[in-house]
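Read off the chains here:
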Amino acid sequence: MRKLQKLIAAERTAFSHYSSLSAMSISRIALNCRKDEVADAHILIMQFKSELATVPDWDGDTQDDIWRAIELYRAILSKVRE
């Protein structure tokens, strides 16, 4: 498992994997991100966007899940840059 994914999983221990992370959790994840995790987040966003292009239009649930993942990584990256 990637370090970035481990950081996210650690913040999700008390919550469902389908719930959104709080701003505090996102900030804690961002504090532990270094160059490798930032690069990994960018790579994952590109992979999710590629995957999104293959999802049929009728599969809105999968599209929503992918967009939620993209938004999570974008939120983490925005906190890393602050």
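Worth saying up front: this structure is predicted, and the values here are computed from it rather than measured. (Residues numbered from 1 in each chain as written. Predicted model: local features only at pLDDT ≥ 70, side-chain atom pairs only at ≥ 80, totals over all residues. Heavy atoms only, no water.)

**Here's the deal with the overall build of the protein chain**
Line of reasoning, step 1. Helix and strand counts for the protein chain stand at four helices and zero strands.
Line of reasoning, step 2. Counting from the amino terminus, helix and strand elements in the protein chain follow one another as α-α-α-α.
Line of reasoning, step 3. Taken along its principal axes, the extent of the C-alpha atoms in the protein chain is 40 × 25 × 25 Å.
Line of reasoning, step 4. Taking all 82 residues of the protein chain together, the buried fraction comes to 33%.
Line of reasoning, step 5. Across the protein chain, the fraction of contacts at a sequence separation of at least 24, relative to all contacts at a separation of at least 6, is 65%.
Line of reasoning, step 6. Of the accessible surface of the protein chain, which amounts to about 5,600 Å², a share of 55% is contributed by carbon and sulfur atoms.
Line of reasoning, step 7. Here the protein chain carries 12 positive and 12 negative side-chain charges, and the mean point of each set is 10 Å from the other. (Helix = DSSP H or I, 4+ residues; strand = E, 2+ residues; numbered from the N terminus. Buried < 20%, exposed > 50% of the residue type's maximum accessible area, 1.4 Å probe, protein only. Contact = heavy atoms within 4.5 Å. Areas by Shrake-Rupley, 256 points an atom, 1.4 Å probe, with all protein chains shown as cover. Lys, Arg positive; Asp, Glu negative; His and termini not counted. Charge placed at Lys NZ, Arg CZ, Asp CG, Glu CD.)

**Re the pattern of salt bridges**
Line of reasoning, step 1. Considering all chains together, one arrives at five salt bridges under this definition.
Line of reasoning, step 2. The salt bridge involving E37 is made with K3; its shortest N-O contact spans 4.0 Å. In this pair, E37 is assigned in helix 3 (residues 35-54) and K3 in helix 1 (residues 3-11), connecting sequence segments 34 residues apart.
Line of reasoning, step 3. For K3, a relative accessible area of 43% puts it in the partly exposed group. (Salt bridge = Lys/Arg side-chain N within 4 Å of Asp/Glu carboxyl O.)

**A look at the packing of helix 1 against helix 4 (residues 60-80)**
Line of reasoning, step 1. The geometry of helix 1 relative to helix 4 is characterised by a closest axis approach of 13 Å and an angle of 95° between their N-to-C directions. With respect to their mutual orientation, helix 1 and helix 4 come out roughly perpendicular. Touching L4, Q5 and I8 of helix 1 are L72, Y73 and I76, all from helix 4.
Line of reasoning, step 2. In the contact of helix 1 with helix 4, the residues fall into five nonpolar, one polar and no charged. (Axes fitted to C-alpha atoms, helices over the stretch in contact; angles between N-to-C directions. Parallel < 35°, antiparallel > 145°, perpendicular 65-115°, else oblique. Nonpolar A, V, L, I, M, F, W, Y, C, P; charged D, E, K, R; others polar.)

**Considering the confidence of the model for the protein chain**
Line of reasoning, step 1. Taken as a whole, the protein chain shows an average pLDDT of 90; of its residues, 90% reach a score of 70 or greater.
Line of reasoning, step 2. Per-element confidence in the protein chain is highest for helix 3, whose mean pLDDT is 96, and lowest for helix 1, whose mean pLDDT is 90. (pLDDT = per-residue confidence, 0-100.)

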